[in-house]
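The chain contents come next:
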Amino acid sequence: MLSNEFASAAALLRDAERVVALTGAGISAESGVPTFRGEHGLWRQFRAEDLATPDAFARDPKLVWEWYDWRRGIIAGVSPNPGHATLAAWEKRFPGFELITQNVDGLHARAGSTRLAELHGNIWKVRCTKDETVSEDHFVPLKTIPPRCPQCGALLRPHIVWFGESLEPDVLDRAFSLSGACDVMLVIGTSALVHPAASLPYRAAASGAKIIEINPTTTPLTAEADIALQGKAGEILPAIDRLLRKESP
Ligand code: BV8
């Protein structure tokens, strides 16, 4: 990685008033959470598109919950990495910093991020399929599979947005308005394939924002990015932070 690319990214961030970060599964990869796609990305032998759907849950709620229980077990055993920590620290460094994540693992919140929009929900939240009540459930493993609502006995489902389901309107509206109002968008660890999240960087660019992509591989967004830093988020984000601190501790 050429250091002048880091310096250019640091310069864009330093002069920005409103910085938005959009993250995907890649930012949790160095914590040990498998990504969805790519060489190590297979969740066991299943594909997210086949299991993270309402049809799959209707057909076999036990299998879908076994998959989530397995993922919860992995996530419960890992910690946020320096990439998560840097983004949490940047909430204090950049006044208008906002974080939008596609991830459901909760690692940004555990790292201390508070100005956070979880587009696709959270793996530690469950929702009653009868009255839509949302509650936290941190049992690892789950007490029963599939879990049932203690109030009414109906099936509980993960409070997660599945393929073919709409995102919560207010969360999505906020994500689009933040993207349309930022000066710089960091796009970190996402294959930029899943919509509507994948359209957020284009919204930002159309509104004049500079796009900085951080990813070890190229994505459909790479050609559109103003700066594409090829590498791991857990290494690149702290490196940029060190440059920023050198200039203004
Ligand atoms: C919807 C919860 C309206 C599940 C998830 C427009 C065009 C095309 C398709 C569509 C479209 N509009 C809607 C669709 C259909 C669909 C979709 O986008 N399909 C894709 C597959 C083509 N979208 C939807 O269904 C959405 N709903 O639009 O509602 C509607 C309603 C009815 C009918 C139609 C439309 C809902 C999408 C949400 C689905 N739920 N998650 C769960 O987690 O259990 S999405 C799932 O994919 C995860 O949330 C994940 O975050 C997300 C995106 O994946 P990534 O995060 O990018 O992860 P991935 O593994 O792909 O990539 C990781 C990247 O990290 C790689 O690039 C890798 O190189 C990089 N990396 C690896 N290591 C590192 C790293 N980077 C940095 N550092 C490292 N160390």
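Quick summary incoming for the structure in this document. (Residues numbered from 1 in each chain as written. Predicted model: local features only at pLDDT ≥ 70, side-chain atom pairs only at ≥ 80, totals over all residues. Heavy atoms only, no water.)

**Here we look at the pairing of strand 7 (residues 184-188)**
Then, in step 1: Of all five residues that make up strand 7, five are buried, and the element is covered over most of its length.
Then, in step 2: Here strand 7 shows a buried face lined by V184, L186 and I188 and a second buried face lined by M185 and V187.
Then, in step 3: Bridge count between strand 7 and strand 8 (residues 210-214): five bridges; the pairing is parallel. Considered in strand 8, the bridge of V187 is made with E213.
Then, in step 4: Viewed along the sheet, the connection from strand 7 through helix 9 (residues 200-206) into strand 8 turns out right-handed. (Buried < 20%, exposed > 50% of the residue type's maximum accessible area, 1.4 Å probe, protein only. Helix = DSSP H or I, 4+ residues; strand = E, 2+ residues; numbered from the N terminus. Pairing = 2+ DSSP bridges. Right-handed = clockwise from strand over helix to strand, strands pointing away.)

**Structural notes on the environment of C152**
Then, in step 1: Assignment of secondary structure puts C152 in the loop between strand 5 (134-136) and strand 6 (156-160).
Then, in step 2: As for C152 and K130, which are separated by 22 residues in sequence, their C-alpha atoms are 8.0 Å apart.
Then, in step 3: Once residues lying within four places of it in the same chain are set aside, the contact partners of C152 are C128 and K130. (Contact = heavy atoms within 4.5 Å.)

**Brief notes about the site of the ligand**
Then, in step 1: Lining the immediate surroundings of the ligand are 37 residues, of which R37, Y68, R71, G164 and S191 lie closest.
Then, in step 2: Between the ligand and Y68, the relevant distance is 2.6 Å, taken from an oxygen atom to a side-chain nitrogen or oxygen of the residue.
Then, in step 3: Note that an oxygen atom of the ligand is positioned 2.9 Å from one of the side-chain N or O atoms of H120.
Then, in step 4: Protein contact buries 76% of the 1500 Å² of open area that the ligand shows by itself.
Then, in step 5: Those elements that place two or more of their residues in the shell around the ligand are helix 2 (26-29) and helix 5 (61-76).
Then, in step 6: For the shell around the ligand, a count of residues per class yields 17 nonpolar, 14 polar and six charged.
Then, in step 7: Domain assignment of the residues forming the shell around the ligand places at least three in each of domain 1 (2-32 + 80-120 + 164-247) and domain 2 (39-77 + 141-160). (Near = heavy atom within 4 Å. Polar contact = N/O pair within 3.5 Å; in protein donor to acceptor, adjacent residues only side chain to side chain. Areas by Shrake-Rupley, 256 points an atom, 1.4 Å probe, with all protein chains shown as cover. Nonpolar A, V, L, I, M, F, W, Y, C, P; charged D, E, K, R; others polar. Domains from an automatic or database assignment.)

**Observations regarding the sheet that holds strand 8**
Strand pairing in a sheet is mediated by backbone hydrogen bonds. Such pairs are either parallel or antiparallel.
Then, in step 1: Ordered by their spatial adjacency, six strands build an open sheet running 3-2-1-7-8-9, and the pairing between neighbours is parallel. Here the strands that pair on one side only, and so sit at the sheet edges, are strand 3 (116-118) and strand 9 (227-229). Along the sheet, successive strands turn relative to each other by an average axial angle of 15 degrees, direction set aside.
Then, in step 2: Taken together, the five bridges between strand 1 (residues 19-23) and strand 7 define a ladder with parallel strand orientation. If you follow V19 over to strand 7, its bridge partner there is V184.
Then, in step 3: Strands strand 1, strand 7, strand 8 and strand 9 of the sheet are contacted by helix 1 (residues 3-15), whose axis makes an angle of about 125 degrees with strand 9.
Then, in step 4: Contacts from helix 10 (residues 233-247) reach strand 7, strand 8 and strand 9 within the one sheet, and its direction differs from that of strand 8 by about 135 degrees. (Axes fitted to C-alpha atoms, helices over the stretch in contact; angles between N-to-C directions.)

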